Amino acid sequence: MDAIVIDKLSKTHRPAWPWQQAVTTLHEVSLSVGYGEIFGFLGPNGAGKTTTMKIVLGLMRATTGTVELLGRPALDVDVHKSIGYLPESPYFYDYLTAEEFLWFYGRLGQVNPSDLQQRIPTLLAQVGLTEARYRPLRKFSKGMLQRIGLAQALIHDPQLVMLDEPMSGLDPVGRKDVRDIILGLRDQGKTIFFSTHIISDVEMICDRVGILAKGRMVTVGSMDELVNRNVAQSVEVICEGIDGESIPLVKEVAMRVLQRGNRCWMALPGQQRLEEVLAAVRQAGGRLVSIIPHKGSLEEIFLERTSQRT
Amino acid sequence: MHSLLVVAQNTFRETLRDKILYNLVFFALLLIGASVLLGTLTIGEQARVVNDVGLAAINLVGVIIAIFVGIGLVTKEIDRRTIYTILARPITRTQFVMGKYCGLIFIGGLNISIMFSMFLVTVWLSGSTIQGSLFQAVELMLVEVLVMTAIAMFFSTFSSPTLSAIMTLGFYVIGHLTGDLKRIAEKSKDPIAEGITTALYYICPNLELFNIKGQAASGIVVSVDYQLATTFYGLLYAALLLVAACRIFERRDF
C-alpha cells in the first residue's frame, strides 16, 4: 500500500462567465508515493504542481479522478490528522507570536496541551527559531516565516508531510537546514512529498521524482532509474602526447575535441566505442591521463521532458 | 466541535488585537459620556436623552463591528491564503465558518456588554433610574448583531470584501425600511416594481423589529411574547443564512 495514490486526476476550471472558455490545468495525472519516501514533484512554473497539491489536500475539488492518502479517501477530514502541509509563499497570522501560532495549529491538529508544551520548544529549536519564541510573526523575515511554516506543518507529528516549494525565500544555510529537516523526517519513517522547480534540491534528497509539464505527468521514477535510463551518458577522455584532431577515429566518434598544447580533451557519446578510441590513441603514441564517465543530470531530463510539452 | 472552538478562540484573539475595535468602543464610550452633557441642555428630558444617545451609540458600534469585521474575517483568510493551512487540518469547512462566526459573536457580545455596563454606570451617575426596558433593548440589539454578522459572513463566503460590504450595508438599510417596502408594494401599480419590493420584503430581514430603542428610552416595556418572538425570528434568520453560507463555502475551490 502507498501513502499517496493519485489516479487519473483532472481539473477543469469552470469559467466565471458563459462567454469565457473552461481551462483544464490537470490532465489525468496519476502517481503514487510509497511510505517513507521523499518524493520530489518537479515542474516549471504553471505546470499544475500547486493545483495537484490543493486537490490532494481537499482545498480544491477534482473534476475527475481520485486521491487516497494513507489508505483513505483524501476528502475524509480525519485523514488530515496525519498530514502536515506548508503552502507556497505562506502568510500567517501576524498578530500571533511564534509560540501562539504553533499552539493554534497544534490544537487544530488535535494535539493535547501537555504534549504541545513539550513539542513547541523542540520544534522551534529544530527550525532555528528558539530566540523568536515570543516574537510576533509580523516581525519575522521571509526566511523566518518559511521556517515557522515548516514548524506548523510538523507540530502534530504527521505521518505524511506535503511541502509546496519549501526552499523558496531561503538563503543557502536555510536551504540546507530544510534539507536536513526533510532527511531527518525520512529517518523517522515519515513520507515527504514536496514540489519545487529547483532541481538541485530534488537531486540531493529525493528517492523518487515525478515531472509535471502543462498539467501532464511526463515522467515518474526513482532518481537512479531516471538518470540512467533516460539520458545517454557521455565519457570525458584526457590524453597526452597526441593531436586528437589528427586521429580519424577520434574525429569521427568524439562529440567535441579540445587541444591544449600537448594535452587533448575529448567528449565521447557513451562508452560503446571507448575501447576503439583508446586503442587508436595508443597506436598514435598517446598516453591516457583520465577517463571520466558523466551520468545524465536530472536537469537534462527535466529540460528534455518539459520542452517536449512546450 | 473542538476545531470549531479553536477557530473561534483564534478569531476572538484576532479581533481583540485589532486597534480599530478599541477606537470604535472608545468612540461609543465617548458618546455615552457626552449624552450626560447633552441631557443637561434639555429641561426635564435628561434621562431620556441619556438613554437615547447611549442606546444609539451601542447599537451603531455593535452593527459596525458586525458588518466590517464580519466581512473581513473569511475574505482575509482567503486573500492571505491562511485558509490553506487551516483546511489542511482535521476541520470541516462548516466548522471553520461556524468557528469564525462564533468568535466574532463572542467579541461582539463582549463589546456590547462593556458598552452597556458603561452606559448603565452613566445612567446611574446622572441620577436617573435604570429601567428594565433598557435591558430589553440591548438584548434585541444583540440579536440584530447576530443577524448582521450572519449576513456579512454569508456574502463574504462567495464575494469580494467590497461587494460584501455593499450588499451587507444594503441589507441593513433595506432591513430597516421593510415596513415602507410593504406599503410601496401594496400601493404600486407597476407589477414589476411590486414584484421587486415584495421580494425584497421577504428576503431582507425586518430589522426594525429589533429596534425598540425609542420605547426603551422612555421606559416603555415591550411584552415578553414580542421579545421572545423577535429573538426567535432573528436567530432563525441568522441560522438559515449560516446554513447557506456553509453550503456555499463547502463547494468553493481555494
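Refer to the preceding data block for the structure.
Description of the structure in this document. (Residues numbered from 1 in each chain as written. Chains lettered and ligands numbered in written order. Predicted model: local features only at pLDDT ≥ 70, side-chain atom pairs only at ≥ 80, totals over all residues. Heavy atoms only, no water.)

## Here's the deal with the overall build of chain A
When helices and strands are counted, chain A shows 10 helices and 14 strands. The C-alpha atoms of chain A give a radius of gyration of 25 Å, which is well past the 19 Å a tight globule of 310 residues would have. If you line up chain A on its principal axes, its C-alpha atoms span 80 × 55 × 40 Å. In chain A, which comprises 310 residues, the share counted as buried stands at 51%. A separation of at least 24 residues holds for 68% of the contacts in chain A among residues at least 6 apart in sequence. Surface accessibility of chain A: about 14300 Å² in total, with carbon and sulfur atoms responsible for 49%. Computed over 35 positive and 35 negative side-chain charges, the separation of the two mean positions in chain A equals 4 Å. (Helix = DSSP H or I, 4+ residues; strand = E, 2+ residues; numbered from the N terminus. Rg over C-alpha atoms; globule rule 2.2 N^0.38 Å. Buried < 20%, exposed > 50% of the residue type's maximum accessible area, 1.4 Å probe, protein only. Contact = heavy atoms within 4.5 Å. Areas by Shrake-Rupley, 256 points an atom, 1.4 Å probe, with all protein chains shown as cover. Lys, Arg positive; Asp, Glu negative; His and termini not counted. Charge placed at Lys NZ, Arg CZ, Asp CG, Glu CD.)

## A short note on the packing of aromatic side chains
Given two aromatic rings, one states the distance between the centres and the angle between the planes to describe the pair. Inspection of the entire model under this criterion finds 21 aromatic pairs over all chains. Between Phe-92 of chain A and Tyr-105 of chain A, the aromatic rings sit 6.5 Å apart at their centres with planes inclined by 75°, giving edge-to-face as the arrangement. Taken together, the positions of Phe-92 of chain A in the loop between strand 6 (83-86) and helix 2 (98-108) and Tyr-105 of chain A in helix 2 put the pair 13 residues apart, joining distant regions of the chain. By relative accessible area, which is 2% here, Phe-92 of chain A ends up buried. When the centroid spacing of 6.0 Å and the interplanar angle of 35° are considered together, the rings of Phe-116 of chain B and Phe-119 of chain B count as tilted. Here Phe-116 of chain B and its partner Phe-119 of chain B are both found in helix 5 (residues 93-125), 3 residues apart, which amounts to about one turn of the helix. (Phe/Tyr/Trp six-rings, centres within 6.5 Å; stacked < 30°, edge-to-face > 60°.)

## Comments concerning empty space enclosed by the protein
By the definition in use, this model includes 1 cavity of 30 Å³ or more. Around the largest cavity sit Tyr-91 and Tyr-93 of chain A together with Glu-14, Leu-73, Lys-76, Glu-77, Arg-80, Thr-82 and Lys-100 of chain B, which together line it. The element that contributes the greatest number of residues to the lining of the largest cavity is helix 3 (residues 46-79) of chain B, accounting for 3 residues. In the lining of the largest cavity, the residues fall into 3 nonpolar, 1 polar and 5 charged. (1 Å grid on protein atoms, 1.4 Å probe; cavity = no way out; pocket = protein on both sides within 12 Å on 5 of 7 lines; lining within 4 Å. Points joined across faces, edges and corners; volume = space filled by probe spheres on them. Nonpolar A, V, L, I, M, F, W, Y, C, P; charged D, E, K, R; others polar.)

## Thoughts on the environment of Ser-128 of chain B
All names here are of chain B. Among the secondary structure elements, Ser-128 is positioned in the loop between helix 5 and helix 6 (132-156). C-alpha of Ser-128 to C-alpha of Asn-51: the two residues are 77 residues apart in sequence and 9.5 Å apart in space. Contact partners of Ser-128, with chain neighbours within four places excluded, come to Ala-47 and Val-123.

## Things to note about helix 1 (residues 2-16) of chain B
The terminal C-alpha atoms of helix 1 of chain B lie 21 Å apart, and with 15 residues this matches the ideal 21 Å at 1.5 Å per residue to within 8%. Those residues of helix 1 of chain B not exposed but buried are Ser-3, Leu-4, Val-6, Val-7, Ala-8, Asn-10, Thr-11, Phe-12, Glu-14 and Thr-15 of chain B. Buried residues belonging to helix 1 of chain B abut helix 2 of chain A together with helix 2 (19-40), helix 3 and helix 5 of chain B. (Expected span 1.5 Å × (residues − 1).)

## Some points on unusual backbone geometry
All names here are of chain A. Non-glycine residue Lys-8 carries a positive phi angle of around 50°. Inspection of the secondary structure assignment puts Lys-8 in strand 1 (residues 2-13). For Lys-8, a relative accessible area of 49% translates into the label partly exposed. A positive phi angle, close to 65°, is found at Gln-110, a residue other than glycine. For Gln-110, a relative accessible area of 36% translates into the label partly exposed.

## Here's the deal with the side chain of Thr-149 of chain B
Within the secondary structure, Thr-149 of chain B sits in helix 6. Setting aside residues up to four positions removed in sequence, Thr-149 of chain B forms contacts with Ala-66, Tyr-101, Leu-104 and Ile-105 of chain B.

## As for the packing of helix 2 of chain B against helix 5 of chain B
Residues and elements named next belong to chain B. Contact geometry of helix 2 with helix 5 gives a least axis separation of 10 Å together with a crossing angle of 20°. In terms of orientation, helix 2 and helix 5 fall into the roughly parallel class. Along this stretch, helix 2 crosses helix 5, giving a crossing that reads as right-handed. Each of Leu-21, Val-25, Ala-28, Leu-29, Ile-32, Ser-35 and Val-36 in helix 2 lies in contact with helix 5, whose residues at this interface are Ile-107, Asn-111, Met-115, Met-118, Phe-119 and Thr-122. Within the contact of helix 2 with helix 5, the residues separate by chemical class into 10 nonpolar, 3 polar and no charged. (Axes fitted to C-alpha atoms, helices over the stretch in contact; angles between N-to-C directions. Parallel < 35°, antiparallel > 145°, perpendicular 65-115°, else oblique. Left-handed = near helix turned anticlockwise from the far one by under 90°.)

## So, the interface of chain A and chain B
On the side of chain B, 27 residues touch chain A, which itself brings 31 residues to the contact. When the two sides are added together, the surface that chain A and chain B hide from each other amounts to roughly 2800 Å², 55% of it contributed by carbon and sulfur. Broken down residue by residue, the surface that chain A buries against chain B is led by Leu-59, Tyr-95 and Leu-108 of chain A, which jointly contribute 25%. Counting across the chain A and chain B interface gives 3 salt bridges. Summed over the shared surface of chain A and chain B, the number is 20 residue pairs in polar contact (both at pLDDT 80 or more). Where the side of chain A that touches chain B is concerned, the elements lending two or more residues are strand 6, helix 2 and helix 4 (142-154) of chain A. When residues of the side of chain A that touches chain B are assigned to their parent elements, the largest contribution, 5 residues, is made by helix 2 of chain A. (Buried area = accessible area lost by both parts, 1.4 Å probe. Salt bridge = Lys/Arg side-chain N within 4 Å of Asp/Glu carboxyl O. Polar contact = N/O pair within 3.5 Å; in protein donor to acceptor, adjacent residues only side chain to side chain.)

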